[in-house]
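Given next are the chains, with one letter for each unit.
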Amino acid sequence: MDRQRRKVLKTGGSAGLLAFLAAAGWLQPGLALAQAAAAWNKAAFDTKNVPDTMKALGGTEPTPSKDITFFQTPDIAENGAVVPVGITSTIPNTEAIAILIEKNPNTLAAVFDVPPGTDSTITTRVKMGQSSNIVAVVKADGKYYMATKEVKVTLGGCGG
Amino acid sequence: MADPMKIRANLVGDSTEVKVLMSHEMETGQRKDAQGKTIPAWFIQNVAATCNGKTVMSAQWGPAVSKNPFLSFKFKGGAKGDKVVITWTDNRGDKRTDEASIA
Amino acid sequence: MRDRASRELRRPLTGFALAVCGLASALTGVSALSQTSAVDEIAKYRAALQEGNPSELWEARGEDIWKQKRGPKQASLEACDLGLGAGVVKGAYTVLPRYFADSKRVMDLETRLVYCMVNLQGLNEADVVKTPFGNGNDKKSDIEALVAYVTSESRGIKMNVSLDKPEERDMYRLGERMFYFRGGSHDFGCVTCHGADNLRIRLQDLPNLTTLQGAQKAYTTWPAYRVSQGELRSFQWRLYDCFRQQRFPELKYGSEASIALTMFLARNANGAAYDGPAIKR
């Protein structure tokens, strides 16, 4: 293993790592600058409840909104390791959609940025450790909104 | 080098619908092996998609995203033959870039 | 004998069925009569999973392995005869298991793949069957990938297993006897769980493999990406795991026992369009 690679693997923090990678020429020159500087919000992914996650995301307490809906998200998941989640936001100027799972060991599952021109609709699959509420948080025009859906899990999916 | 992603990009009206299947363990760091040792976390942290040089989607993921992640999103614009390029990077510094032409 | 088995199974299942009713009530807040709504929701879960089946990742890897020159003979598997002629992959799964003149045996897909890897490519058999079932990124199974690829090329084609050869008929009869054979510490047989309608283990509906519909639906949806395994699992794996759950001795990979059961179940599915690789919990 060459020294450069070893250094990369040792580096923990995201910003530092990416700066290093950029300097080492490992990031493709074609990537948009925004992407190259894409950080990974470690603090947000370490939070254990919705209010703390919102703080770490730099947001305020979200307002419930009927303009955020779930689709392709079943009420019961046979296996919590793979729970399909689909979220649509019809709130104008939606900038980001985040998926929070209340009872998971760490609340935040994913954050999706919605650039202009991209539909504010996301489908993915998440792990649920137990039956829990899934909270969809939407950032639009700098304000925060949310919708909740309860999903029951017959077999926990965090492993072990 | 990680296994390639399966990307499908289809023009539906004036929007391009993208569906991606990625090959990744997405290890949570919660599991223990047969000897009782914790299996270290290993998961995709960043995903970015571009089309014609413009970012059409980006995301930060935690280990709660399922193993062999599936992702679907839609964006306006994009014409048949244009390339959608998707890149993921994980917490070990591994990355993978794949592309598909819009059909 | 068979009736007693069904009766014995139903008694404990009444307890399970009641538990399910209780669960459904808790879930829906409606009377126990709406027990089907839990089952309906699970059907929705299964439907939602169908899109973006990780099996496709195995199919892609399998296609690469199929076309790759490997082993001491540096040959690709493209000359392998899976039953429809050398190199013909499309539809091959629907005619397996079948008798092969070159090996003078009835073989299923997996034993045939092993045969080709050993004879065409010169690979060592012990090495090839060392990891038939993958486990994570570090322990991948080439056979599972090949199975995913080959079976994906049979999607939509009707099952058409032949019993023309006496060896094929013998294998079918052996498989049938095995299906009904009860043994092990729990006196289980395949028939115990798969021999009647409406049997269930907790929330898992069990297919009745003694009916045409049950047999067709079950066989045509394997191999499958098994969410709980995080892996693409083949039919040899499915039988292996059934044996484990029945507390039977370990089913040897590619054994005559495994081929006999596969022959019985595959032939019973004739007429149904193959629908795999699927995705299951």
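Residues numbered from 1 in each chain as written. Chains lettered and ligands numbered in written order. Predicted model: local features only at pLDDT ≥ 70, side-chain atom pairs only at ≥ 80, totals over all residues.

Student: When you look at the overall build of chain B in this model, what are you seeing that I'm missing?
Tutor: In terms of helices and strands, chain B carries zero helices and seven strands. Scanning chain B from its N terminus toward the C terminus, one meets helices and strands in the order β-β-β-β-β-β-β. Along the first, second and third principal axes, the C-alpha set of chain B runs to 55 × 20 × 20 Å. By residue count, 49% of the 103 residues in chain B fall in the buried class. Pairs at least 24 residues apart make up 54% of the contacts formed inside chain B by residues separated by at least 6 positions. (Helix = DSSP H or I, 4+ residues; strand = E, 2+ residues; numbered from the N terminus. Buried ≥ 20, exposed ≤ 12 C-beta atoms within 10 Å, placed from the backbone. Contact = placed C-beta atoms within 7 Å.)

Student: Would you mind showing me how to read the overall build of chain A here?
Tutor: Helix and strand counts for chain A stand at five helices and nine strands. Reading chain A from its N end, one meets helices and strands in the order α-α-α-α-α-β-β-β-β-β-β-β-β-β. Residue pairs in contact within chain A that sit at least 24 positions apart in sequence constitute 62% of those at least 6 positions apart.

Student: How should I be thinking about helix 3 (residues 55-67) of chain C in this particular structure?
Tutor: Between the first and last C-alpha of helix 3 of chain C there are 19 Å, a value that for 13 residues agrees with the 18 Å anticipated at 1.5 Å per step. Those residues of helix 3 of chain C lying buried are Ser55, Glu56, Leu57, Trp58, Glu59, Ala60, Arg61, Gly62 and Trp66 of chain C. Buried residues in helix 3 of chain C make contact with strand 1 (6-12) and strand 2 (15-21) of chain B together with helix 6 (142-152), strand 5 (224-226), strand 6 (231-233) and strand 7 (278-280) of chain C. (Expected span 1.5 Å × (residues − 1).)

Student: Quick question: what am I supposed to make of the sheet that holds strand 5 (residues 70-76) of chain B here?
Tutor: Each strand in a sheet pairs with another by means of backbone hydrogen bonds, the pair being arranged parallel or else antiparallel. Pairing within the open sheet is antiparallel, and its six strands lie in the order 2(A)-4(A)-7(A)-5(B)-2(B)-1(B). Either end of the sheet is taken by a strand with one partner, and the two such strands are strand 2 (68-71) of chain A together with strand 1 of chain B. Averaged over all adjacent pairs, the angle separating strand axes in this sheet is 20°, with direction ignored. Pairing of strand 1 of chain B with strand 2 of chain B involves seven bridges; the strand directions are antiparallel. Note that in strand 2 of chain B the partner of Lys6 of chain B across the bridge is Leu21 of chain B. (Pairing = 2+ DSSP bridges. Axes fitted to C-alpha atoms, helices over the stretch in contact; angles between N-to-C directions.)

Student: Just to check I follow, could you spell out the interface of chain B and chain A for this structure?
Tutor: Interfaces are frequently sized by the accessible area removed from exposure as the parts join. Every contact between the two is made by 33 residues of chain B and, on the other side, 37 residues of chain A. Of all the secondary structure elements, the ones that give two or more residues to the side of chain B that touches chain A are strand 3 (44-51), strand 4 (54-61) and strand 5 of chain B. The class makeup of the residues in the side of chain B that touches chain A is twelve nonpolar, 15 polar and six charged. By the bridge criterion, four bridges tie strand 6 (residues 108-113) of chain A to strand 4 of chain B in an arrangement that is antiparallel. Residue pairing across strands places Val111 of chain A opposite Gln60 of chain B, the latter belonging to strand 4 of chain B. (Nonpolar A, V, L, I, M, F, W, Y, C, P; charged D, E, K, R; others polar.)

Student: So what exactly am I meant to see when it comes to helix 10 (residues 235-245) of chain C here?
Tutor: Along an α-helix, residues three or four apart share an orientation, since each turn contains 3.6 residues. All names here are of chain C. Those residues of helix 10 that fall on the buried side of the exposure criterion are Phe235, Gln236, Trp237, Arg238, Leu239, Tyr240 and Phe243. Tucked inside the fold, the buried residues of helix 10 contact helix 4 (109-119), strand 6 and helix 11 (256-267). Once helix 10 finishes, Arg247 follows within two positions and takes phi at roughly 60°, a positive value.

Student: Please clarify how the sheet that holds strand 6 of chain C should be interpreted in this entry.
Tutor: Residues and elements named next belong to chain C. A sheet is described by the order of its strands in space; here three strands give the open sequence 6-5-7, paired in mixed fashion. The open sheet is flanked by strand 6 and strand 7, the only strands paired with a single partner. Across the sheet, the axes of successive neighbouring strands diverge by a mean angle of 35°, strand direction being ignored. Note: strand 5 against strand 6, three bridges, orientation antiparallel. Counterpart to Ala224 in the pairing with strand 6 is Arg233.

Student: When you look at the interface of chain C and chain B in this model, what are you seeing that I'm missing?
Tutor: Between chain C and chain B, the residue contacts involve nine residues of the former and ten residues of the latter. For the side of chain C that touches chain B, a count of residues per class yields three nonpolar, four polar and two charged.

Student: What exactly am I supposed to notice about the environment of Ser154 of chain C here?
Tutor: Residues and elements named next belong to chain C. When you line up the elements, Ser154 lands in the loop between helix 6 and helix 7 (166-180). For Ser154 and Lys90, which are 64 residues apart along the polypeptide, the C-alpha to C-alpha distance reads 5.6 Å. The residues touching Ser154, leaving out its near neighbours within four places in the chain, are Gly91, Ala92, Tyr93, Thr94 and Tyr274.

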